[in-house]
Amino acid sequence: MRTERANGGGQAERRDLKVIVGAAIIRGGRVLACARSAPPEVAGMWEFPGGKVEPGEAETDALVRECSEELAVRVEIGKRVGRNVRMAHGRSVLKVYAARLLHDDQPQALEHSALRWLAADELDSVTWLPADAPIVAALRPLLTESQPPTG
């Protein structure tokens, strides 16, 4: 993704935005939330798993790789959730995708201090990282839709 800004001379300067991808892994009407273990200023805050897209890597491929590295799970990537979220003083953009676990894989906290499955009414029970917080509102309807009917 490219963006332009005016430099001191009024000319447009091109720079690449770093793309960060996140997975809203949904199972049984709940989404997986992961507690950061580092760096200290965000430790204990919650996020969707994911990470940086490497040069030449597709966003969905990066997300599959990141889920494998962070959680030791295989996932199928679905549709985008929410909007692009600008981060790092405008130098990066977060894109979150819905995902589902494959082959009954069970997430493991390899790089996080804790994992929790949250229903729509539990999303506000954790402190989300500022970049992930805008995605929560867009996620609520997906969780409600994926719940099995009761009664």
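Note that the structure is a prediction, hence the values are computed from the model and not measured.

Draft legend 1. Layout of the nonpolar core. If you look at the biggest cluster of nonpolar residues, it comprises 23 residues, and the most contacted ones within it are V31, F48, L123, W128 and L139. Here the element with the most residues in this core is helix 2 (residues 133-145); it accounts for four residues. Residue contacts for L123: discarding those within four places in its chain leaves V31, L118, W128, V136, L139, R140 and L143. Of all hydrophobic cores here, the second largest spans 19 residues; its members include C34, V53, V75 and Y97.

Draft legend 2. Representation of helix 2 in the model. Maximum bend of helix 2: about 40°, positioned at L139, with proline P141 one to four residues after it. Residues of helix 2 that are buried include every one of I135, V136, L139 and L143, and no others. Taken together, the buried residues of helix 2 touch strand 3 (18-27), strand 4 (30-36), strand 7 (75-87), strand 8 (92-101) and strand 9 (112-119).

Draft legend 3. Highlighting the pairing of strand 8. Along strand 8, nine of the ten residues are buried, which leaves the element largely enclosed by surrounding structure. In the sheet, strand 3 pairs with strand 8 via eight bridges, with the strands oriented parallel. Note on strand 8: the bridge partner recorded for V19 is V93. Pairing analysis gives eight bridges linking strand 7 to strand 8, with the strands arranged antiparallel. What sits directly across from I77, in strand 8, is A99.

Draft legend 4. Representation of the pairing of strand 4 in the model. Judged by how many residues are buried, strand 4 sits mostly within the fold: five of seven residues are covered. Sheet analysis places strand 3 next to strand 4, joined by two bridges and oriented antiparallel. Along strand 4, the bridge assignment pairs I26 with V31. In this antiparallel pair of consecutive strands, strand 3 and strand 4, the connection spans two residues, and G28 shows a positive phi of 60°. As judged from the seven bridges shared by strand 4 and strand 9, these two strands associate in the antiparallel manner. Along strand 9, the bridge assignment pairs R36 with H112. Looking at chain direction, strand 4 and strand 5 (residues 46-47) are connected through two bridges and run antiparallel.

Draft legend 5. Layout of the packing of aromatic side chains. Using the criterion set out here, one finds one aromatic pair in the structure. Seen from the ring of W46, R116 lies directly overhead, with NZ or CZ sitting 5.9 Å from the centre.

Draft legend 6. The environment of R80, seen in detail. Considering the arrangement of structural elements, one finds R80 in strand 7. If near-sequence neighbours (up to four positions away) are discounted, R80 is found in contact with K95, V96 and Y97.

The rules behind each value
Residues numbered from 1 in each chain as written. Predicted model: local features only at pLDDT ≥ 70, side-chain atom pairs only at ≥ 80, totals over all residues. Heavy atoms only, no water. Core = buried A, V, L, I, M, F, W, Y, C linked by side-chain atoms within 4.5 Å. Buried < 20%, exposed > 50% of the residue type's maximum accessible area, 1.4 Å probe, protein only. Helix = DSSP H or I, 4+ residues; strand = E, 2+ residues; numbered from the N terminus. Contact = heavy atoms within 4.5 Å. Bend = angle between axes of the 7 residues up to and from the residue. Pairing = 2+ DSSP bridges. Phe/Tyr/Trp six-rings, centres within 6.5 Å; stacked < 30°, edge-to-face > 60°. Lys NZ or Arg CZ within 6 Å of the ring centre and 35° of its normal.

These values are about where atoms sit, not about what they do.
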